[in-house]
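A closer look at the structure
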Amino acid sequence: MSSAVPAIPDVLDRWFAGRGWQPRPHQLAMLAAARAGRHALLVAATGAGKTLAGFLPVLAQSAELGLRPGCKALYVSPLKALAADVERNLMVPIREVGLPLKVETRTGDTSSEAKKRQRETPPDILLTTPESLSLLLTWPEADRILATVETLIVDEIHAFAATKRGDLLALAVARMRRLNPRLRLVGLSATVADPPAMAHWLAPGGDAVVVEGAAAVPPDIRILVPDGRIPWSGHNGRHAAREVVRLLEGARQAIVFVNTRAIAELVFNDLWAENDTGLPIGLHHGSLAPEARQKVEAALAEGRLRAVVATSSLDLGIDWGDVDLVVQMGAPKGAARLLQRVGRANHRLDEASRAVIVPGNRFEYLEALACMDAVEAGELDAEDHRPGGLDVLAQHVMGVALAGPFEAAALFEEVRAAAPYAGLSRTDFDRVLQFIATGGYALKAYERYARLVEEAPGRWRIRHPRLALQHRLNAGVIVEAPTMSVRLGSSRAGGGRALGQVEEWFGSQLRIGDRFLFAGQVLEVTGASETDLYTRLSRGEPSIPTYVGGRMPLSTNLAERVRRMIADPQAWGRMPADVQEWLALQQAQSILPPADRLLAETFPRDGREYLILYGFEGRNAHQSLGMLLTQRMERRGLQPLGFVATDYMLGVWGLERVADPGALLTGDIVADELEAWIKATPFLRRAFRDVAIVSGLVERQQPGSAKSGRAMTVSTDLIYDVLQKHEPGHLLLEAAWAEASARLTDLARLDRLLKRAESELLVQHLDRVSPLAVPALLQIGREGVRGMAEDALLSELAGAVAAV
């Protein structure tokens, strides 16, 4: 590619000058890549400049060539809200320059009439999501629509690479490249750890150029330590609600990020309890009704909210109003996630984004400090590029058949052009075909599972036209837990205002009169149906814990930094006094976990024997090891009673002392215990339900109705039992096993932890609880371990603990 600086059309040059801007080097580099016909990955620090750089070649070509028929560019976003935000921002230069470009969005919120019109008369620029793009490709007219598309832009590309949505997108892109070999691919992100690997994911074999954006002013990140002290235990920083409200009072606008939907409700409630001045504070998470989320988004963008409590629903790329402060409640769990969220504070290169981390406990303080160091050093968490799912491939192949008959050999080569499927064997591809055609050996007697027919050797088509509607109603790879609608103000079927959804298992256990937090309010249950939960506003305190929220695991990079930090007393000087004293007590009464070894401690307490492992491998790996370890302890007569897992440690307790932890932590524990454990949990059946839905074997939606979560579970459980008995090697059973083991175990980190145990284990037998073990013991029983019990536990740290 030529190093010459490309000229931009005069009309765009004048537009830049009119705003007092100069085209930035990375924007010009993206324009040069386009004129050379090169795929490009832009890694840029700011959202506004990044998005404009991605679209600049499209705008420049329109300015040079004028009005041309057909769609010129497709933009793919991970969020519907981001697509809508880009549409608003993109229309500014288009209108001001006077370019003849029509821009529209196509997402799940787009009406069927608008989608039909877009297929007949495509806009010049179409903004969409992976799911909507995949569905667009199922229409016979897709080849006509895509024939004119010159550029496909994938925004926030890092959010796709390790997910099923990324698998679906990669397959769609491979399909588009076959239909239109001239298609140029563009990836945009501010947080990519390995740009060459991501460029390969975007365009395998395409020799994509990597463009680095200009470095922004380093973010201004600090840690909030109320009264100079950090709690022993707890999470999500709720102890500091009053101090956080004071921060919000000093900000123009702020986003308060939390890591789960459930905690969003609790933190929102905490902040309002301390909001003496009546600041307008909103709430935004994925369980709320779309209307509620859109209302908050509009109020934030228009400056009518001072702050909003949000989950990851707002942390990707969107430029919200006049936000100048980001607050992260609890540890961020990864440097890339923190940077992504901090970037919401402003989109200017010449101003530092301002953020405050509010750790929930002392380990979270260390994690926050490690995260700040990683951001300063430019170390991001690596993206996990893994093989694509066969359930996603089955959905894609069915979608291709809807557009018209296909040749299996040609489709196989096309699929292998997608990075997640580059290693796909022809045997597995043929298994997918046979699965769609018959359902598999055990199900082939049932016509409902037969969706493809081989009309000639190697040439396949859909069995019946009605299957097209079924596929389009049910396509997608996001399988949420079954939910119930929360309705306010009525006990009649379908009545009341819909506030959002809660998980079905949570809603079904509620009784009339129970009170719970949702949508920022205390609701009292007045009735329920199979699909709806009826409520009214309550003045009382919640009587039921909030609904479920997932946990994000500590990243490998941060875990290593935390281990090094603990092991080096010279690094403690910048920590609060109570954290320094905590670590010093550990050093005096036991030993510090070495950076390069795995520390195990044992001690008695209250008639129980405890084993603590300081693995720092994340909650999933520790929880999995806890399951396997207690299972092995039971078989060896050690009488385990339970375990607790955090991101930093695993604590196991029982009736017998573990004299030799190393004898339990051998590498064969996975082979000996893992399969039996997973089969004994409900997770394998849940994973099967998910892959059965994604692959199209069962349907969530019928025309005019939707199956309840219970009905879906009954259907998939019956099929699961049949396959386990008659076809244990079925494609979906293998996919379910892979999904369940990945979700539950984080096998790579579990394997690393066990290897450390075999070669690096350091055992300390103590006569009382150690300082670092206190947070784990306080976690046992959660809110139940408080008051006198907590005082008794802390007093066991000997006289020196009293000073802490």
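Look above for the structure.
A few words now on the packing of aromatic side chains. Evaluated as defined, the whole model comprises 12 aromatic pairs. A ring pair is formed by Phe-363 and Phe-616, whose centres lie 6.2 Å apart and whose planes are at 65°; its orientation type is edge-to-face. With Phe-363 in helix α14 (residues 362-377) and Phe-616 in the loop between β23 (608-614) and α22 (619-635), this residue pair connects regions lying 253 residues apart in the sequence. Since its relative accessible area comes to 0%, Phe-616 is described here as buried. Each residue in the set Phe-363, Trp-582, Phe-616 and Tyr-648 is aromatic and connected to the rest through ring pairs, giving one cluster. A cation sits over an aromatic face here: Arg-362 above Trp-232, 4.2 Å from the ring centre. In this arrangement the basic side chain of Arg-472 is found over the ring face of Trp-139, its NZ or CZ atom lying 3.6 Å from the centre.

Under the criterion given, the structure shown has 4 cavities of 30 Å³ or more. Its boundaries defined by the atoms lining it, the largest cavity holds a volume of some 140 Å³. Lining the largest cavity are 14 residues, and of these Arg-451, Gln-470, His-471, Gly-696 and Glu-699 sit closest to its centre. Where the lining of the largest cavity is concerned, the elements lending two or more residues are α15 (390-403), α18 (466-474) and α25 (683-695). By residue number, the principal contributor to the lining of the largest cavity is α18, which donates 4 residues.

What follows concerns the pairing of strand β13 (residues 354-358). Most of β13 is tucked away, with 4 of its 5 residues classed as buried. Both strand β8 (residues 220-223) and β13 contribute to a ladder of 4 bridges, which runs parallel. Residue pairing for β13: Ile-221 is matched across the bridge by Ala-355. By the bridge criterion, 4 bridges tie strand β12 (residues 325-329) to β13 in an arrangement that is parallel. Note that in β13 the partner of Met-329 across the bridge is Val-358.

Ranked by size, the top nonpolar core spans 112 residues in total, and within it Leu-393, Phe-429, Leu-452, Leu-629 and Phe-688 carry the most contacts. Contacts of Phe-429, omitting those with residues within four sequence positions, involve Leu-393, Val-397, Ala-408, Leu-411, Phe-412, Val-415 and Leu-424. Core analysis: the second largest hydrophobic core is formed by 60 residues, Ile-255, Ala-370, Tyr-614 and Tyr-648 among them.

Pairing between the strands of a sheet is mediated by backbone hydrogen bonds and can be parallel or antiparallel. Pairing is parallel across the open sheet formed by 7 strands, whose spatial order is β3-β4-β2-β5-β6-β1-β7. Both edges of this open sheet fall to β3 (103-106) and β7 (209-212), since each of them pairs with a single strand only. Sheet twist, expressed as the average angle between the axes of neighbouring strands with direction ignored, equals 20°. Pairing between strand β2 (residues 73-76) and strand β4 (residues 125-128): 4 bridges, direction parallel. If you follow Leu-74 over to β4, its bridge partner there is Leu-126. Sheet strands touched by helix α8 (residues 164-179): β2, β5 (151-154) and β6 (184-189). Its angle to β5, the strand with the most contacts, is close to 170°. Helix α9 (residues 195-202) contacts β1 (40-43), β5, β6 and β7 of the sheet and is inclined by roughly 140° relative to β1.

Reading guide: rules and limits
Residues numbered from 1 in each chain as written. Predicted model: local features only at pLDDT ≥ 70, side-chain atom pairs only at ≥ 80, totals over all residues. Heavy atoms only, no water. Phe/Tyr/Trp six-rings, centres within 6.5 Å; stacked < 30°, edge-to-face > 60°. Helix = DSSP H or I, 4+ residues; strand = E, 2+ residues; numbered from the N terminus. Buried < 20%, exposed > 50% of the residue type's maximum accessible area, 1.4 Å probe, protein only. Lys NZ or Arg CZ within 6 Å of the ring centre and 35° of its normal. 1 Å grid on protein atoms, 1.4 Å probe; cavity = no way out; pocket = protein on both sides within 12 Å on 5 of 7 lines; lining within 4 Å. Points joined across faces, edges and corners; volume = space filled by probe spheres on them. Pairing = 2+ DSSP bridges. Core = buried A, V, L, I, M, F, W, Y, C linked by side-chain atoms within 4.5 Å. Contact = heavy atoms within 4.5 Å. Axes fitted to C-alpha atoms, helices over the stretch in contact; angles between N-to-C directions.

Interpretation in functional terms is not warranted from these geometric data alone.
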